[in-house]
Amino acid sequence: KINDKQRMGGSIYQDIFNLDTKNKCPRIDDMAKLKNIFDKVQRLISYNLILSGHDRSDGGLLTTLFEMSISSGIGIDVEGRNNDYLFNEEMGLVIEIENSDVSGVIERLYSYNIKYDILGHTNRSRHIIINYNNELFLKERINSMRLLWSERSLEMEKEQTNLDCVEQE
């Protein structure tokens, strides 16, 4: 966690659900903390302790986790707590580590003074599974979600770029 906040201002969630527009927007509050996280993640990578990683921003934590699962083809089980937690767009980083390395990475993060949450774990079922407040909220095959994701991405691209180029692609 770069910030220990869950600001919803300017988020897609705020826009879709028409939340109070006076909510504060995410920003990096402490550049030294960001630098520390970057440096220490590089160290964890050099020790071969990180399997994959992704920034958390547009769309929030759920979007980050979906993108990781869809691109890798590896299923995930996520434990969500509340909408602010899942959808805020505070800057952050999600890393995937081997189960056998969890305790060692946690010890390192603690010694590096980096706050973290354990979000869930990967699965072999090729499903994206979201439990929200200890109840099953979503269970979908990765391929189905990839298709939906691709269709929506194409529609968004059509709105943002030259249509002739999009069609050619």
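Data block above holds the structure.
Residues numbered from 1 in each chain as written. Predicted model: local features only at pLDDT ≥ 70, side-chain atom pairs only at ≥ 80, totals over all residues. Heavy atoms only, no water.

## Quick look at the layout of surface pockets
Move 1: Taken as a whole, the largest pocket holds about 1000 Å³ of empty space.
Move 2: Along the wall of the largest pocket there are 47 residues; nearest its centre are Val-94, Ile-95, Glu-96, Asp-117 and Leu-119.
Move 3: Of all the elements in the fold, those that place two or more residues in the lining of the largest pocket are α2 (31-46), β1 (52-56), α3 (60-72), β2 (75-80), β3 (92-96), α5 (102-111) and β4 (120-123).
Move 4: Among the elements that make up the lining of the largest pocket, the one with the highest residue count is α3 (six residues). (1 Å grid on protein atoms, 1.4 Å probe; cavity = no way out; pocket = protein on both sides within 12 Å on 5 of 7 lines; lining within 4 Å. Points joined across faces, edges and corners; volume = space filled by probe spheres on them. Helix = DSSP H or I, 4+ residues; strand = E, 2+ residues; numbered from the N terminus.)

## Considerations on the environment of Glu-135
Move 1: In this fold, Glu-135 is placed in strand β6 (residues 135-141).
Move 2: Judged by its relative accessible area of 57%, Glu-135 is exposed.
Move 3: When the C-alpha positions of Glu-135 and Glu-79 are compared, they lie 9.2 Å apart, and in sequence the two are 56 residues distant. (Buried < 20%, exposed > 50% of the residue type's maximum accessible area, 1.4 Å probe, protein only.)

## Structural notes on the pairing of β3
Move 1: Where burial is concerned, the two faces of β3 differ: the one with Gly-92, Val-94 and Glu-96 is buried and the one with Leu-93 and Ile-95 is not.
Move 2: Two strands pair when backbone bridges link them, and β1 and β3 are joined in this way by five bridges, in the antiparallel orientation. Among the inter-strand pairings, Ser-52 is bridged to a residue of β3, identified as Glu-96. (Pairing = 2+ DSSP bridges.)

Without other data, these values stay purely geometric and don't point to any function.
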